[in-house]
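# A look at the structure
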Amino acid sequence: MSDVQTIEIMQGILARHAKQEGPLLPILHSVQAEYGFIPVDVVQIIADHLNITRAEVHGVISFYHDFRDAPAGKHIIKICRAEACQSVGANALSDRALEKLGVEWGGTTANSSVTIEAVYCLGLCACGPAAMVDGKVVGRVDGAKLDKLLAEAGA
Amino acid sequence: MKIYIPLDSAAKAVGADDVADAILLEANTRGLDIEVIRNGTRGMIWLEPLVEIETESGRVGYGIVDVADVPALLDGKLESLGVVEDLDWMKGQTRLTFQRCGITDPLSLTDYEAHGGLTGLRNAIAMTPAGIVEEVTNSGLRGRGGAGFPTGIKWNTVLGAQADQKYIVCNADEGDSGTFADRMIMEGDPFTLIEGMIIAGLAVEATQGYVYLRSEYPDAIDIMEKAVVLARAAGILGADVLGSGRAFDMEIRVGAGAYVCGEETSLLNSLEGKRGVVRAKPPLPALEGFLGKPTVVNNVISLATVPVVMEKGAAHYADFGLGRSKGTMPIQIAGNVKFGGLYETAFGLPLGDLIDKIAGGTLSGRPVKAVQVGGPLGAYMPRSKFDTPFAYEEFDGQGGLIGHAGVVVFDDSTDMLGMARFAMEFCAVESCGKCTPCRIGAVRGVETIDRIGKGDTDAIELLEDLCETMKDGSLCALGGFTPFPVMSALQNFPDDFATKKEAAE
Ligand SMILES: Cc1cc2nc3c(=O)[nH]c(=O)nc-3n(C[C@H](O)[C@H](O)[C@H](O)COP(=O)(O)O)c2cc1C
Ligand code: SF4
Ligand code: FES
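Note that the structure is predicted; figures quoted are calculated from it, not measured.

This part takes up the pairing of strand β12 (residues 328-335) of chain B. Residue and element names in this part refer to chain B. In terms of burial, β12 is largely enclosed, as eight of its eight residues are buried. Pairing geometry for β12 and strand β13 (residues 341-346), over six bridges, is antiparallel. Counterpart to I331 in the pairing with β13 is Y343. Turn length for the β12-β13 hairpin, with the two strands adjacent in sequence and antiparallel, is five residues. Where β12 meets strand β16 (residues 406-411), four bridges bridge the pair, whose relative direction is parallel. Paired with G335 across the bridge in β16 is V409.

Below, the structure written as structure tokens:
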């Protein structure tokens with residue numbers, strides 16, 4: 001069962017998307033913007049609202065890389081692993097990041113400060129290697145710049 | 001004094017915001033009267049942040065500008081690159097789709113109109129739907145999203161379909177590595193995409209449009225959303241487009257990080273709020289697309305090119321190019337290159353000229369080993385294929401594809417077995433899961449390449465077999481084209497697959 005507060009928040013979100021055609025993705029983005037992840041509680045609420053099954057909503061959530069079912073760290077750092085960035089040293093950069101943080105892709109540091117994710121192209125391919133910190137783009141990332149980003153994020 | 005500092009995310013990624021702040025602060029301290037305009041990028045990404053100062057002789061450029069350079073810049077003591085329009089890189093281009101990008105303030109409609117914006121739409125309003133479709137057909141414009149399907153023919157199908165509602169869907173999922181033209185135009189000249197979508201709407205009698213924009217592009221999302229609001233407020237979008245009595249409105253939709261959602265039917269499923277699984281064709285989206293209604297699905301660049309076609313006429317556009325590849329292509333030069341960025345030119349330039357002359361060779365200074373054109377599903381071209389003209393049929397004839405025209409350069413330190421492995425791994429991660437050759441084949445592909453890497457040469461034949469199966473048995477190009485990078489790496493760089501064996505023995 002979801003609590004009163006959850007229901008209230010969800011009513012607001014669903015109302016905001018009431019006029020859209022095919023609103024499930026926008027709804028999920030709004031939920032994740034609100035909570036930082038998609039809480040299990042809201043799946044049934046969304047399913048009831050759109051008149052689809054709980055399984056269908058779950059199927060959509062699990063299909064897309066963006067949606068998470070648990071909170072992430074305080075900061076999300078994404079490193080581009082695609083070809084153009086590889087050609088200028090992204091692999092070494094990724095190795096360095098994972099080693100410094102002591103986690104695998106998708107993992108969160110023990111102090112919950114950083115979640116590190118792989119991303120396949122940020123459109124910064126002419127100024128790679130590229131990364132993104134909490135939605136902010138960073139280009140020409142070298143070892144020193146990476147260390148600084150990690151330190152600023154409290155890793 | 002007018003100072004231009006790009007707001008493009010590639011410029012921001014290398015410090016443009018900090019430079020803009022520093023200039024404003026310094027100007028304030030000195031009591032200077034300056035106006036800072038955040039323009040799009042000119043596409044010379046290697047020079048970003050590229051700051052321009054308006055002078056009597058034109059806009060003079062400075063790059064790469066660092067925050068520390070700001071006092072010297074305002075003192076007039078920083079060494080300039082000269083007038084930006086006169087730089088070889090700019091002069092060599094034929095800018096049609098990107099005519100305004102980097103020049104104007106992306107969110108100024110006044111600027112947009114002063115530089116030719118809305119002329120195409122006004123011309124279209126005076127025409128019949130069939131007339132617009134004919135003009136676009138005559139321009140020879142082919143889909144810039146990958147397959148190169150003639151845009152006019154697609155529109156004609158949608159125009160001919162009977163329905164109470166039709167849609168224009170813009171594919172802004174731009175997932176290919178090495179591509180950023182869609183992002184650049186959306187951030188640098190968003191109204192041209194909006195204008196193109198409205199013209200498409202008028203042409204096929206659709207009244208609603210969607211831009212499906214990848215979530216990896218937060219800056220583009222922000223600018224497009226603002227541009228839509230401005231266009232609506234100005235009566236360009238809405239119930240009465242520029243007083244024409246015809247309606248067209250649109251919405252920006254954000255994807256959720258799945259490469260396959262760039263495939264048009266998967267995109268439509270995603271837009272409808274479903275898993276982004278590929279649909280079998282037929283039915284074509286042109287007949288049964290979004291919510292089962294006739295839908296034009298076009299790439300950003302295809303749609304953003306429509307205004308200039310309608311502004312200058314089909315013949316003007318079709319005059320550029322080579323053979324059946326008409327007009328210009330915004331080529332995106334990326335990876336290990338000295339001069340990376342966007343270069344719009346008529347089709348037909350030899351690949352080698354692009355790499356050695358325009359891109360200036362590698363950034364590392366080492367020899368070029370391979371060039372991957374057309375994203376993760378594109379072939380790796382060796383130097384021996386550098387005389388291939390940049391055009392659809394010509395690339396096809398060399399076992400390659402131009403796709404979205406992303407060109408990624410690799411130097412001789414690149415391990416091509418590793419790149420082949422990556423292609424398979426990418427396919428495995430991004431497969432929509434609908435067909436076995438793609439879903440399972442890619443996973444087995446990674447294992448097989450690992451076997452080759454360990455010196456098992458028998459596995460090479462197995463890999464070839466597997467690629468055949470994926471090519472023949474996959475429903476869409478994700479599984480069907482992954483063999484391109486894999487097989488081209490194997491065929492053109494056999495040493496990288498064989499030396500492993502010797503090393504292991
Ligand atoms: C796996 C896959 C990914 C694709 N990704 C994109 C993309 O990101 N952007 C795009 O415009 N087309 C992409 N396409 C091509 C589209 O399916 C479709 O051909 C295109 O959007 C049609 O528009 P156009 O005719 O203007 O090129 C992709 C195709 C496949 C098979
Ligand atoms: S080839 Fe791959 S991505 Fe395409 S439909 Fe089949 S499983 Fe899905
Ligand atoms: S390949 Fe890394 S940003 Fe495009």
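There's plenty left to go through after this.
On to the site of ligand 1. Residues and elements named next belong to chain B. Lining the immediate environment of ligand 1, one finds 18 residues, of which G145, K154, N298, N299 and S302 sit closest. Residue G175 places a main-chain N or O atom 3.5 Å away from an oxygen atom belonging to ligand 1. Here S302 contributes a side-chain N or O atom positioned 2.6 Å from an oxygen atom of ligand 1. A total of 610 Å² of accessible area belongs to ligand 1 in isolation, and the protein chains cover 89% of it. According to the grid-proximity analysis, the pocket containing ligand 1 is the second largest pocket. Listed by contribution, the elements that provide at least two residues to the shell around ligand 1 are β9 (295-299) and α20 (477-481). Of all the elements, β9 adds the most residues to the shell around ligand 1, at three residues. Residues of the shell around ligand 1, tallied by class, amount to four nonpolar, eight polar and six charged.

Turning to helix α7 (residues 129-139) of chain B, a few remarks are in order. Residues and elements named next belong to chain B. P129, G131, I132, V133, V136 and S139 are the residues of α7 that are buried. Elements in contact with the buried residues of α7: α6 (119-125), α8 (151-160), α10 (190-204), α13 (300-312), α14 (314-318) and β11 (325-326). G140 sits one or two positions beyond α7 and adopts a positive phi of about 80 degrees.

Residues and elements named next belong to chain B. In this structure, the second largest pocket spans a volume of roughly 1,300 Å³. Among the elements of the structure, α8, β9, α16 (392-397) and α20 are those that each provide at least two residues to the lining of the second largest pocket. Counted by class, the lining of the second largest pocket contains 19 nonpolar, 17 polar and eleven charged residues.

So, on to empty space enclosed by the protein. Tallied over the full model, the rule gives two cavities of 30 Å³ or more. For the largest cavity, the calculated volume is near 70 Å³. Forming the boundary of the largest cavity are V260(B), V278(B), S431(B), C432(B), K434(B), C435(B), C438(B), S474(B), L475(B), C476(B), L478(B) and G479(B). Tallied by class, residues from the lining of the largest cavity come to eight nonpolar, three polar and one charged. Estimated volume of the second largest cavity: approximately 40 Å³. G22(A), L25(A), P26(A), Y212(B), R253(B), V254(B), S270(B), L271(B) and G273(B) together form the lining of the second largest cavity. Taken together, the elements giving at least two residues each to the lining of the second largest cavity come down to α2 (24-35) of chain A together with β8 (249-254) and α12 (264-271) of chain B. The residue inventory of the lining of the second largest cavity, partitioned by class, reads five nonpolar, three polar and one charged.

With that out of the way, let us pick up the nonpolar core. In a soluble, globular protein the nonpolar side chains are often hidden away together inside. Residues and elements named next belong to chain B. Core analysis: the biggest nonpolar cluster contains 151 residues, and W155, M186, I194 and L213 have the highest contact counts within it. Per-element tally for this core: the top contributor is α10, with ten residues. Setting aside residues up to four positions removed in sequence, W155 forms contacts with I132, V133, V136, I199, A200, A203, V204, V296, N298, L303 and V306. Among the nonpolar cores identified, the runner-up in size contains 32 residues, and L87, Y343, F347 and V407 belong to it.

Moving on, we come to a negative patch on the surface. All names here are of chain B. On the surface, a cluster of negative charge is made up of D458, E461, E464 and D465. Residue position: D465 is located in helix α19 (residues 458-473). With relative accessibility at 48%, the residue D465 sits in the partly exposed group.

Strand-to-strand pairing in sheets goes through backbone hydrogen bonds, with the strands running parallel or antiparallel. Residues and elements named next belong to chain B. Across the sheet, which stays open at both edges, the four strands sit in the order β8-β7-β6-β9 with parallel pairing between neighbours. Two strands lie at the open edges of the sheet, namely β8 and β9, each paired on one side alone. Mean inter-strand twist for the sheet, computed between neighbouring axes without regard to direction, equals 20 degrees. Across the sheet, α13 is in contact with β6 (167-172) and β9; its angle to β9 comes to roughly 95 degrees.

Residues and elements named next belong to chain B. The full set close to ligand 2 counts 13 residues, and C432, K434, C435, C438 and C476 are the nearest of them. More than half of the atoms of ligand 2 fall within 2 Å of the grid points belonging to the largest cavity. Split into classes, the residues belonging to the shell around ligand 2 amount to eight nonpolar, four polar and one charged.

Time to look at the UniProt feature "binding site: [2Fe-2S] cluster" (unreviewed entry) in chain A. Following the UniProt record, the feature "binding site: [2Fe-2S] cluster" (unreviewed entry) maps to C80(A), C85(A), C121(A) and C125(A) here. Separation in sequence by 46 residues is not matched in space for these annotated residues, since their most distant C-alpha atoms are only 9.2 Å apart. By the element assignment, C80(A) lies in strand β1 (residues 75-80). If we skip the residues at most four places from it in the chain, C80(A) touches C85(A), A90(A), V119(A), Y120(A), C121(A), L122(A) and A130(A). Residue contacts for C121(A): discarding those within four places in its chain leaves C80(A), A82(A), G175(B), D176(B), S177(B), G178(B), T179(B), R214(B) and E216(B).

Tallied over the full model, the rule gives 37 salt bridges over all chains. As a salt-bridge pair, E425(B) and R81(A) come within 4.0 Å of each other at their nearest N and O atoms. Within this pair, whereas E425(B) is found in helix α17 (residues 416-430), its partner R81(A) is found in the loop between β1 and α5 (83-86), the two belonging to separate chains. Across the salt bridge formed by E447(B) and R444(B), the nearest N and O atoms sit 3.0 Å from each other. Taken as a pair, E447(B) and R444(B) lie in helix α18 (residues 436-453) at a separation of three residues, close to a single helical turn. Relative accessible area serves as the criterion here: at 41%, R444(B) is assigned to the partly exposed category. By sharing partners, the salt bridges in this structure join R81(A), R421(B), E425(B) and D450(B) into a single network.

Procedures and definitions
- Residues numbered from 1 in each chain as written.
- Chains lettered and ligands numbered in written order.
- Predicted model: local features only at pLDDT ≥ 70, side-chain atom pairs only at ≥ 80, totals over all residues.
- Heavy atoms only, no water.
- Buried < 20%, exposed > 50% of the residue type's maximum accessible area, 1.4 Å probe, protein only.
- Helix = DSSP H or I, 4+ residues; strand = E, 2+ residues; numbered from the N terminus.
- Pairing = 2+ DSSP bridges.
- Near = heavy atom within 4 Å.
- Polar contact = N/O pair within 3.5 Å; in protein donor to acceptor, adjacent residues only side chain to side chain.
- Areas by Shrake-Rupley, 256 points an atom, 1.4 Å probe, with all protein chains shown as cover.
- 1 Å grid on protein atoms, 1.4 Å probe; cavity = no way out; pocket = protein on both sides within 12 Å on 5 of 7 lines; lining within 4 Å.
- Sits in = over half its atoms within 2 Å of the grid points.
- Nonpolar A, V, L, I, M, F, W, Y, C, P; charged D, E, K, R; others polar.
- Contact = heavy atoms within 4.5 Å.
- Points joined across faces, edges and corners; volume = space filled by probe spheres on them.
- Core = buried A, V, L, I, M, F, W, Y, C linked by side-chain atoms within 4.5 Å.
- Patch = residues over 30% accessible without salt bridge, like charges linked within 9 Å, V, L, I, M, F, W, Y side chains within 5 Å.
- Salt bridge = Lys/Arg side-chain N within 4 Å of Asp/Glu carboxyl O.
- Lys, Arg positive; Asp, Glu negative; His and termini not counted.
- Charge placed at Lys NZ, Arg CZ, Asp CG, Glu CD.
- Axes fitted to C-alpha atoms, helices over the stretch in contact; angles between N-to-C directions.
- UniProt positions renumbered as here; feature names shortened; annotations may be inferred.

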